[in-house]
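Close look at the chain arrangement
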Protein chains: 2
Amino acid sequence: MSRSNIQLKTPKGTRDWFGNELLLRERIFATITDVFKRHGGTPLDTPVFELKEILSEKYGEDSRLMYDLEDQGGELCSLRFDLTVPFARWLAMKPKYTYIKRYQIAKVYRRDQPAIARGRLREFHQCDFDIAGVYDPMVPDAEILCVIVDVFEALGLGITIKINHRRILDGLFAVAGVPADKMRSISSAVDKLDKMPWEDVKKEMLEKGLSDETADQIGEYVRRSGNINDMLETLKSNDKLASNKDIRAGVEDMSLLASYLQAFGIDGSVSFDCSLARGLDYYSGLIFEVIMQAPSDAGPEGKSPVAASQVGSIAAGGRYDNLVGMFGKRPVPCVGISFGVDRICTILQPPSEKEGKASRNLEVYVMAIGDKEFDGLLLERMAITRALWKAGIRAEYTAKAKPRPLQQIQAAKDVPLTIILGEEELAAGQVRLKVFRPDVNDKKDMGQLIARENLVAEVEKLLQRKP
Amino acid sequence: MSRSNIQLKTPKGTRDWFGNELLLRERIFATITDVFKRHGGTPLDTPVFELKEILSEKYGEDSRLMYDLEDQGGELCSLRFDLTVPFARWLAMKPKYTYIKRYQIAKVYRRDQPAIARGRLREFHQCDFDIAGVYDPMVPDAEILCVIVDVFEALGLGITIKINHRRILDGLFAVAGVPADKMRSISSAVDKLDKMPWEDVKKEMLEKGLSDETADQIGEYVRRSGNINDMLETLKSNDKLASNKDIRAGVEDMSLLASYLQAFGIDGSVSFDCSLARGLDYYSGLIFEVIMQAPSDAGPEGKSPVAASQVGSIAAGGRYDNLVGMFGKRPVPCVGISFGVDRICTILQPPSEKEGKASRNLEVYVMAIGDKEFDGLLLERMAITRALWKAGIRAEYTAKAKPRPLQQIQAAKDVPLTIILGEEELAAGQVRLKVFRPDVNDKKDMGQLIARENLVAEVEKLLQRKP
């Protein structure tokens, strides 16, 4: 049964999470969940794999990155690629839910080229909030942007939300003369403008078969970004653009959105960026992407290419009105946002911890001190620690029958309270309670003598006095 | 891109979780995590799949239930079968962690025959706490049993912990005359004693090649259960048993354990049950299983076959001293417990909710009421709701520009506070704040007029007054 030549690693593009790093991630989850609940969200959890046919034809050329399960007899399944398609599948199965705000926090899987240092993994968390149902135009879209602002305010991170509209983008391409069958591929070239200079993007477009003139015209349009109302004025004042049906519809949506963002008081966090395209096939209206950036740092153009390219987007989403209908029942328009928690975790940086020494965040250490002959008082240490555990207090003792004093003192280091048991004190119904003071060298301080029966109450009192 | 003949379901043996059911599960996780932290636990998260060779040869004949990923070029991987082997893999990769209490809550995967009504699924949660490292005998084992008691006390569920020792079981089989190569298979027959009458178990043993006499002798031994000290007396007083080396070692462990459980004050929750065998190959010492049962209901035998067979075990674990060493580096003795959260969730029963109406747990509903001509005050509703969201309050409004009064009143039903906006009041800088009273038919109550600038403070005051 024993083998010694096994390669000890996690699969390519995956990693373990441990200790402080994981505790930080949990705190981020809790913060985000709290915002989702403020906005009336209901949680959903779906299986990690779905029937393969449910996921297929939803992600365009990215579908090749899907993990498939082996055919072991039975259904063909794949690991979920995002949380949006499983939500759409759930909606299609639950016709009674016509209006719903749902949230889901879970891992998703993409067989992409990993770049672990930059936080780009094959297994990573998404944290999604979506609003499904027929509402008045742009009202749920505006709330999603408000959820984004609320989340990053709660996390204490400055951000800019770049927004665009698929119909405006499609209209710009049409006006510039892009043939219908090249729309998606030119769109994906334009999407790289936040990572590449314009010259390289233009080169890619020419290689994809555009004329120099068309490419230049696209460049003129999509390199615009800034305040929504200014951008809308620009689009409306250009007769060629204003005469395009898609652009007019998009401009109408964006004008409504601008008034709603102002009512929420969050218009300052939003920048209208015509180069934003988003890869996934299913988006049909407003699209958005969040980049790390204190709004005060942003110039009038709302751009800071360095910050954006280093961390990449930390949240993204959009409107997808046709996805649920693809499952063949009723259509349900939806809009939603997905937060990239692993990247946010990288930015917030957990407190470091020494390898081999896990942070336990103990509140009390229970030790016994005596001469060489004494029996270690293990049963007494257990009984007292159990009383603390029962009271909800984080406590520990050395798991040895006769531990050495130094070993116990070392283990109690940095723990706010230490309880010290001695045979004589116990015989008198007493224990010692010592408060850790980082600024005082107090190795000889044996703490205050208190009655054993008051111990738990005394500890509770001391812990509540902590800031 | 559209297909209408897709089968809308989750894969076999999996299901979605939604709303109250999921909120209950999250509360259970939070309660259990709190107990784990009390005991000094550090969290670990591992990938959902592992290299296939890491998981193989760890689960005996259950290995055939493993989900494999398709070979898409690169490494061969399988979905994790439990959280114990990934923890052992992590320990083997991290030689600096010689002493660690780690916890992990995550889904595991087994291609078993599902029984969804009984909560037996192919994708299910485990919630594990393990203590790794060389300590004095049975000290960590006793703490694991204390973690179990603390968890179920925190959840408000009465339980009995059935314990046994692999060496005692092996010794009993040896004394009864079971050949070494039949030990595991006879052990799995004995393990069914909580679900089958003795006659059927005996029949299975005879079919597996035991003599009538050997089978009867096993039956005499393994049908014993009860108080640990009584059971130890029985084992010690039988010369044939007491002369077996394995039994003597097991009895010594169990005697130590008995004294520790007494120090913790939890010996009343534990029953020594010689029929408990546990299927997994890697257990090497103490083994245990938790069944739902108020200790007061249990007779002196500590058994209630009905309760046990209906829900099955809701937590289980044991000592596995050789698993980490199988990865070819250093051996690390471990003991741990795994809680079956999905079953616990079934027992605790979430508050029911009507299909199509998700519980949102809102605190405030913001509505606007006016005559037919009025504009719905959407921007005002948005501005006020955003102020509530910023203050951390769960609030909502109807996402329509001009919602009908009835629609809003319906949506505000059961929400503790309603804010009512009217054009005249707003012009005077005022809004109405109405407190929902389930016992009063107060459709005409329009609430109290308060100054708009005091609104958030007033709402916060009212919400904190709630029990």
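Residues numbered from 1 in each chain as written. Chains lettered and ligands numbered in written order. Predicted model: local features only at pLDDT ≥ 70, side-chain atom pairs only at ≥ 80, totals over all residues. Heavy atoms only, no water.

- An unreviewed UniProt entry lists chain A under the name histidine--tRNA ligase, with Conoideocrella luteorostrata as the source organism.
- Under the UniProt heading Subcellular location (unreviewed entry), the entry covering chain A gives this text: "Cytoplasm".
- Checking UniProt for chain A, the heading Catalytic activity (unreviewed entry) contains the comment "tRNA(His) + L-histidine + ATP = L-histidyl-tRNA(His) + AMP + diphosphate + H(+)". (UniProt positions renumbered as here; feature names shortened; annotations may be inferred.)

1. A word on the overall build of chain A
- Tallying secondary structure elements over chain A gives 17 helices and 17 strands in all.
- Computed over its C-alpha atoms, the radius of gyration of chain A comes to 29 Å, more than 25% above the 23 Å expected for a compact globule of 467 residues.
- Overall size of chain A, expressed as C-alpha extent along the three principal axes, is 95 × 55 × 50 Å.
- Considering chain A as a whole, with its 467 residues, one finds that 55% of them fall into the buried category.
- Contacts in chain A between residues far apart in sequence, at least 24 positions, make up 71% of those at least 6 positions apart.
- Counting every atom, chain A has about 19600 Å² of accessible surface; 49% of that belongs to carbon and sulfur. (Helix = DSSP H or I, 4+ residues; strand = E, 2+ residues; numbered from the N terminus. Rg over C-alpha atoms; globule rule 2.2 N^0.38 Å. Buried < 20%, exposed > 50% of the residue type's maximum accessible area, 1.4 Å probe, protein only. Contact = heavy atoms within 4.5 Å. Areas by Shrake-Rupley, 256 points an atom, 1.4 Å probe, with all protein chains shown as cover.)

2. With respect to the UniProt feature "binding site: L-histidine" (unreviewed entry) in chain A
Residue and element names in this part refer to chain A.
- Mapped onto the present numbering, the UniProt feature "binding site: L-histidine" (unreviewed entry) falls at D82, L83, T84, R110, Q126, D130, R278, Y282 and Y283.
- Here D130 is to be found in strand 6 (residues 123-132).
- The exposure class assigned to D130 is buried, which follows from its relative accessible area of 1%.
- Once residues lying within four places of it in the same chain are set aside, the contact partners of D130 are F87, I100, K101, R102, I144, Y320, V335, G336 and I337.
- Considering the arrangement of structural elements, one finds Y283 in the loop between strand 9 (270-273) and strand 10 (286-292).
- The buried category is assigned to Y283, whose relative accessible area is 8%.
- Look past the residues within four positions of Y283 in its chain and what remains in contact with it is R166, R278, G317, G318, R319 and Y320.

3. Describing the interface of chain A and chain B
- Taken together, the contact pairs 108 residues of chain A with 108 residues of chain B.
- Between chain A and chain B, a total of about 9800 Å² is buried, with carbon and sulfur atoms accounting for 58% of that surface.
- At the junction of chain A with chain B, the criterion picks out 16 salt bridges.
- Where B:D45 meets A:R25, a salt bridge forms, and the shortest distance between an N and an O atom there is 2.8 Å.
- The interface formed by chain A and chain B holds 48 residue pairs in polar contact (both at pLDDT 80 or more) in total.
- For the side of chain A that touches chain B, a count of residues per class yields 51 nonpolar, 18 polar and 39 charged.
- Looking at chain direction, strand 2 (residues 42-45) of chain A and strand 1 (residues 17-18) of chain B are connected through two bridges and run antiparallel. (Buried area = accessible area lost by both parts, 1.4 Å probe. Salt bridge = Lys/Arg side-chain N within 4 Å of Asp/Glu carboxyl O. Polar contact = N/O pair within 3.5 Å; in protein donor to acceptor, adjacent residues only side chain to side chain. Nonpolar A, V, L, I, M, F, W, Y, C, P; charged D, E, K, R; others polar. Pairing = 2+ DSSP bridges.)

4. What about the relation of the copies chain A and chain B?
- At an RMSD of 0.0 Å, chain A and chain B line up after a rotation of 180° and a shift of 0.0 Å along the axis. In symmetry terms, the pair is related by a two-fold rotation axis.
- The overlap is high: 100% of the interface residues of chain A also sit at the interface in chain B, so the same surface is used on both sides. (Least-squares fit on C-alpha atoms with pLDDT ≥ 70 in both.)

5. Thoughts on the packing of helix 1 (residues 19-38) of chain A against helix 4 (residues 139-155) of chain A
All names here are of chain A.
- Relative orientation of the contacting elements helix 1 and helix 4 amounts to 140°, with a least axis distance of 9 Å. Between helix 1 and helix 4, the crossing angle belongs to the class labelled oblique. As for the relative orientation of helix 1 and helix 4, their crossing is right-handed in sense. Contacts between helix 1 and helix 4 involve I28, T31, I32, V35, F36 and R38 from the former and V147, D150, V151, A154 and L155 from the latter.
- A breakdown of the residues in the contact of helix 1 with helix 4 according to their chemical character gives eight nonpolar, one polar and two charged. (Axes fitted to C-alpha atoms, helices over the stretch in contact; angles between N-to-C directions. Parallel < 35°, antiparallel > 145°, perpendicular 65-115°, else oblique. Left-handed = near helix turned anticlockwise from the far one by under 90°.)

6. Things to note about the packing of aromatic side chains
- What the rule picks out here adds up to 36 aromatic pairs over all chains.
- When the centroid spacing of 5.1 Å and the interplanar angle of 50° are considered together, the rings of A:F49 and B:Y67 count as tilted. Separated into two different chains, A:F49 in strand 3 (residues 49-51) and B:Y67 in the loop between helix 2 (52-55) and strand 4 (77-79) make up a pair that spans both.
- Classification of A:F49 by relative accessible area gives buried; the value is 1%.
- Taking relative accessible area as the criterion, B:Y67 reaches 6% and is therefore assigned buried.
- A ring pair is formed by A:Y99 and A:Y135, whose centres lie 5.1 Å apart and whose planes are at 75°; its orientation type is edge-to-face. Of this pair, A:Y99 sits in the loop between helix 3 (84-93) and strand 5 (100-109) while A:Y135 sits in the loop between strand 6 and helix 4, placing them 36 residues apart in sequence.
- Lying across the ring of A:W17, A:R25 places its NZ or CZ 4.7 Å from the centre.
- Over the ring of B:F81 we find B:R110; its NZ or CZ atom is 4.3 Å from the centre of that ring. (Phe/Tyr/Trp six-rings, centres within 6.5 Å; stacked < 30°, edge-to-face > 60°. Lys NZ or Arg CZ within 6 Å of the ring centre and 35° of its normal.)

7. A word on the sheet that holds strand 9 (residues 270-273) of chain B
- The strand order across the open sheet formed by ten strands is 1(A)-2(B)-5(B)-6(B)-12(B)-11(B)-10(B)-7(B)-9(B)-8(B), and the pairing between neighbours is mixed. Of all the strands in the sheet, just strand 1 (17-18) of chain A together with strand 8 (225-226) of chain B have a single pairing partner and so form its edges.
- As paired elements, strand 6 (residues 123-132) of chain B and strand 12 (residues 334-339) of chain B share six bridges and run antiparallel to each other. Looking across to strand 12 of chain B, one finds that B:F129 is bridged to B:I337.
- This element, helix 5 (residues 166-176) of chain B, spans strand 7 (159-165), strand 9 and strand 10 (286-292) of chain B of the sheet and lies at about 55° to strand 7 of chain B.
- Strands in contact with helix 13 (residues 341-348) of chain B are strand 6, strand 10 and strand 12 of chain B; relative to strand 6 of chain B, the strand with the most contacts, it is inclined by about 115°.

8. Quick look at the packing of helix 5 (residues 166-176) of chain A against helix 8 (residues 212-222) of chain A
Residue and element names in this part refer to chain A.
- Across the interface, helix 5 lies against helix 8 with an axial gap of 9 Å and an inter-helix angle of 145°. Relative to helix 8, helix 5 is oriented so that their crossing is right-handed. Contacts between helix 5 and helix 8 involve L172, F173, V175 and A176 on the former and, on the latter, T214, Q217, I218, Y221 and V222.
- Here the residues of the contact of helix 5 with helix 8 sort into seven nonpolar, two polar and no charged.

9. Some points on the side chain of A:R89
- Its location among the elements puts A:R89 in helix 3.
- The residues touching A:R89, leaving out its near neighbours within four places in the chain, are A:T46, A:P47, A:E50, A:I54, A:F327, B:L8, B:K9, B:T10 and B:D16.

10. Here's the deal with the pairing of strand 9 of chain A
All names here are of chain A.
- Of the two faces of strand 9, the one carrying V270 and F272 and the one carrying S271 and D273 are both buried.
- Relative to strand 9, strand 7 (residues 159-165) runs parallel, the two sharing three bridges. Bridging from a neighbouring strand, I161 pairs with V270 of strand 9.
- Sheet topology note: the strand 8 (residues 225-226)/strand 9 ladder contains two bridges and is antiparallel.

11. Structural notes on empty space enclosed by the protein
- Tallied over the entire structure, the rule returns two cavities of 30 Å³ or more.
- Looking at the largest cavity, its volume works out to about 50 Å³.
- Lining the largest cavity, in full, are A:R15, A:W17, A:R25, A:K107, A:L121, A:E123, A:F124, A:H125, A:D342 and B:D45.
- Ranked by the residues each element gives to the lining of the largest cavity, the list is headed by strand 6 of chain A, at three residues.
- Residue classes in the lining of the largest cavity are distributed as three nonpolar, one polar and six charged.
- Here the second largest cavity is characterised by a volume of approximately 30 Å³.
- Lining the second largest cavity, in full, are A:K162, A:D191, A:D194, A:D273, A:S275 and A:L276.
- When its residues are assigned to classes, the lining of the second largest cavity shows one nonpolar, one polar and four charged. (1 Å grid on protein atoms, 1.4 Å probe; cavity = no way out; pocket = protein on both sides within 12 Å on 5 of 7 lines; lining within 4 Å. Points joined across faces, edges and corners; volume = space filled by probe spheres on them.)

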